[in-house]
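Chain by chain, the residues run as shown.
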Amino acid sequence: MFPKKLKKNKVVYLDNAAATPLDISIAKKMNKVAEANYYNPSALYSQAVQARKIIDDARAKVASVLFTQPYSIIFTGSGTESVNMAILGVARKNKQNGNHVITTKIEHHAVLHSMKQLENEGFEVTYLDVNKFGQIDLGEFKKALKKETILVSIMYANNEIGTILPIADVGREILKWRKTNNSVYPYFHSDACQAAGYLDLNVEKSHVDLLSLNGSKIYGPKGTGLLFVKKGVKIEPIIYGGGQEFALRPGTENVAGIYGFAEALDMAEKNRKTLPAHISDIRDYFYEKIKSDVKNIALVGEDIKSPNRLPNNLNIVFKGVDAESLILYLDHYGIVCSSGSACSTDSDELSHVLLSCGVNNTDATSAIRFTLGKHTTKQDIDYVMKFLPNVVEELRRINSIK
Ligand SMILES: *Cc1c(COP(=O)(O)O)cnc(C)c1O
C-alpha cells in the first residue's frame, strides 16, 4: 500500500538521460518559427527562401559546434534515425569492400538493433566486451580489426551507467590501421546522444567519420537529430523520396524542429564550461547522502570521481529491492527516476548494459538510474532523501516477508 502523499504537485525530475525538459526560451522562439515559416523550404518564392535560410543558419550553427562544414550535417528525425542511417547506410553502400562491423555490447538499442539488421543482411558483427566499469579494451579492439572491417560504431557516453568511452583513442587506432593497410576503411561512427553539453564534440579531435546527436537529451525538441558525415564517406539513404538533406534524408524539413535543435545544441555547448562541474557537485552530494543513509548499495559504472563518468549520472544497486517497485513508490512522492534504460521498461529483459558490466541477475533487477539535469538543485536532493531511505527499507522488509 502506498503511504500518503506529503507535498502535492512537487516533482523532482531525475530522468534527464531519458528526456530533458524543452528549454522555455527555445520553445517560445520555435513556436514563432513554426507559425511564421510554414512554407515548404524547397519552393521558389521568397517566403520559402526564408524558411530555407532558417535551416541553413541552423546547419551552420551546429557545424561550428562540431568544428566541421555545414555540408557535413544531415538533419534527421531522431537520434535513432541518425544511428540507423550511419550503420545501415554505410554498411549497405560499402559492402563490396567488406562485410565486417565492430561495436560494443553496451550500445543503445538504436545501435544494437541496427546491428542485428545488418546480421540479417549477411554482415558479420563483433560485439566488444566491457569491464565492470563499462570500458572497452583497446587491445581487444585492435585484435577485432580485419581487412573486411568497413565500420566501427562505439558510443561516446553510455545512457545507463554514464561511462565515457575513449573514442579519440579508438579514432587514432583506426587512423593507424588505415595507414598501415593503405585503406579508407573502417569508417568510424559514434553515438553521441548522451555526450552533448558534457563532452567535446569536435570531430577533428575524436577522428570520427560519422556522429549521431539528438535534440531531446539537450533541452531541445523531441523528434530531432543530426548525422555528421565527413566529406568523402560513402553512405546511402535508408528512406527514399525527394532531394532534401543532400538527397540523404528525403521529406519536407521540420523547420521549427531543426531551428530549436540547433539552438539547443549551441546552448548546450556554451553551458559546457560551467554546467558539468555544477551538476557533478549536486550529484556527488546526492551520492554521499545515499551512502550515509542507505545500507547495502553499490554504484554501477566508473568511480563517482572518475573523469570517465558523465557528471549527471548515478546508477545504484539497492540490494534486495525490486527496482520497479522502488520507482513506483518514489513516483508517488513526485520523485522521477528509472531503472536502466527507459527503452526497456516494456520488455522483461534485464539491462544488457548492467549484465555486460558483470552485474548479476539479481542485482540487475535492483538498479536505479538517477540522471540529474540543469534544473536539479540540492533542495531537490534533500527532498528525495526525506523518502528514499524509508522506502528502500520498507521494500526490503516486504521482500523478506515474501
Ligand atoms: C536517447 C538515445 C538514443 C535515441 O535517440 P532518440 O532521439 O530517442 O531516437 C540513441 N542513443 C543514445 C545513447 C541515447 O541516449
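Residues numbered from 1 in each chain as written. Predicted model: local features only at pLDDT ≥ 70, side-chain atom pairs only at ≥ 80, totals over all residues. Heavy atoms only, no water.

Visitor: Looking at this structure, I do not really get the overall build of the protein. What am I missing?
Guide: Within the protein, the secondary structure is distributed over 13 helices and 12 strands. Taken over C-alpha atoms, the radius of gyration comes to 22 Å for the protein, in line with the 21 Å a tight globule of 402 residues would show. If one aligns the C-alpha atoms of the protein with their principal axes, the spans along those axes are about 65 × 55 × 35 Å. Out of the 402 residues in the protein, the part that is buried amounts to 56%. Long-range contacts, defined here as pairs at least 24 residues apart, represent 74% of the contacts in the protein between residues at least 6 apart. Total accessible area on the protein is roughly 17,700 Å²; 52% of this is exposed by carbon and sulfur atoms. Measuring between centres, the 50 positive side-chain charges of the protein sit 3 Å from its 44 negative side-chain charges. (Helix = DSSP H or I, 4+ residues; strand = E, 2+ residues; numbered from the N terminus. Rg over C-alpha atoms; globule rule 2.2 N^0.38 Å. Buried < 20%, exposed > 50% of the residue type's maximum accessible area, 1.4 Å probe, protein only. Contact = heavy atoms within 4.5 Å. Areas by Shrake-Rupley, 256 points an atom, 1.4 Å probe, with all protein chains shown as cover. Lys, Arg positive; Asp, Glu negative; His and termini not counted. Charge placed at Lys NZ, Arg CZ, Asp CG, Glu CD.)

Visitor: Looking at this model, I keep getting lost on the environment of D169. Mind explaining?
Guide: With respect to the helices, strands and loops of the structure, D169 is situated in helix 6 (residues 167-181). Residues D169 and V90, 79 residues apart in the sequence, show an inter-C-alpha distance of 22 Å.

Visitor: Just to check I follow, could you spell out the side chain of D191 for this structure?
Guide: Tracing the backbone shows D191 in strand 6 (residues 187-191). Although buried, D191 forms no salt bridge, and the nearest oppositely charged side chain, K217, lies 7.2 Å from it. Polar side-chain contacts of D191 include one of 3.1 Å to the backbone nitrogen of C193. For D191, the contacting residues outside a window of four places in its chain are V83, E107, H108, V111, I154, M155, Y156, A157 and S212. (Salt bridge = Lys/Arg side-chain N within 4 Å of Asp/Glu carboxyl O. Polar contact = N/O pair within 3.5 Å; in protein donor to acceptor, adjacent residues only side chain to side chain.)

Visitor: Help me out: how do you make sense of the sheet that holds strand 9 (residues 297-299) in this one?
Guide: Strand pairing in a sheet is mediated by backbone hydrogen bonds. Such pairs are either parallel or antiparallel. Read across the open sheet, the three strands follow the order 9-10-12; overall the sheet is antiparallel. Edge positions in the sheet fall to strand 9 and strand 12 (367-371), since each has one partner strand and no second. Pairwise comparison of adjacent strand axes, ignoring direction, gives a mean angle of 25 degrees for this sheet. Note that strand 9 and strand 10 (residues 313-318) share three bridges and pair antiparallel. In the sheet register, A298 faces strand 10, and the bridge partner there is V317. (Pairing = 2+ DSSP bridges. Axes fitted to C-alpha atoms, helices over the stretch in contact; angles between N-to-C directions.)

Visitor: Explain the sheet that holds strand 5 (residues 149-153) to me, please; I cannot follow it from the model alone.
Guide: Pairing is mixed across the open sheet formed by seven strands, whose spatial order is 2-8-7-6-5-3-4. In the strand order of this sheet, the two ends are held by strand 2 (73-76) and strand 4 (124-128), each with one partner. Strand-to-strand, the axes of this sheet are offset by a mean angle of 20 degrees, without reference to chain direction. With three bridges joining them, strand 3 (residues 100-104) and strand 5 adopt parallel strand pairing.

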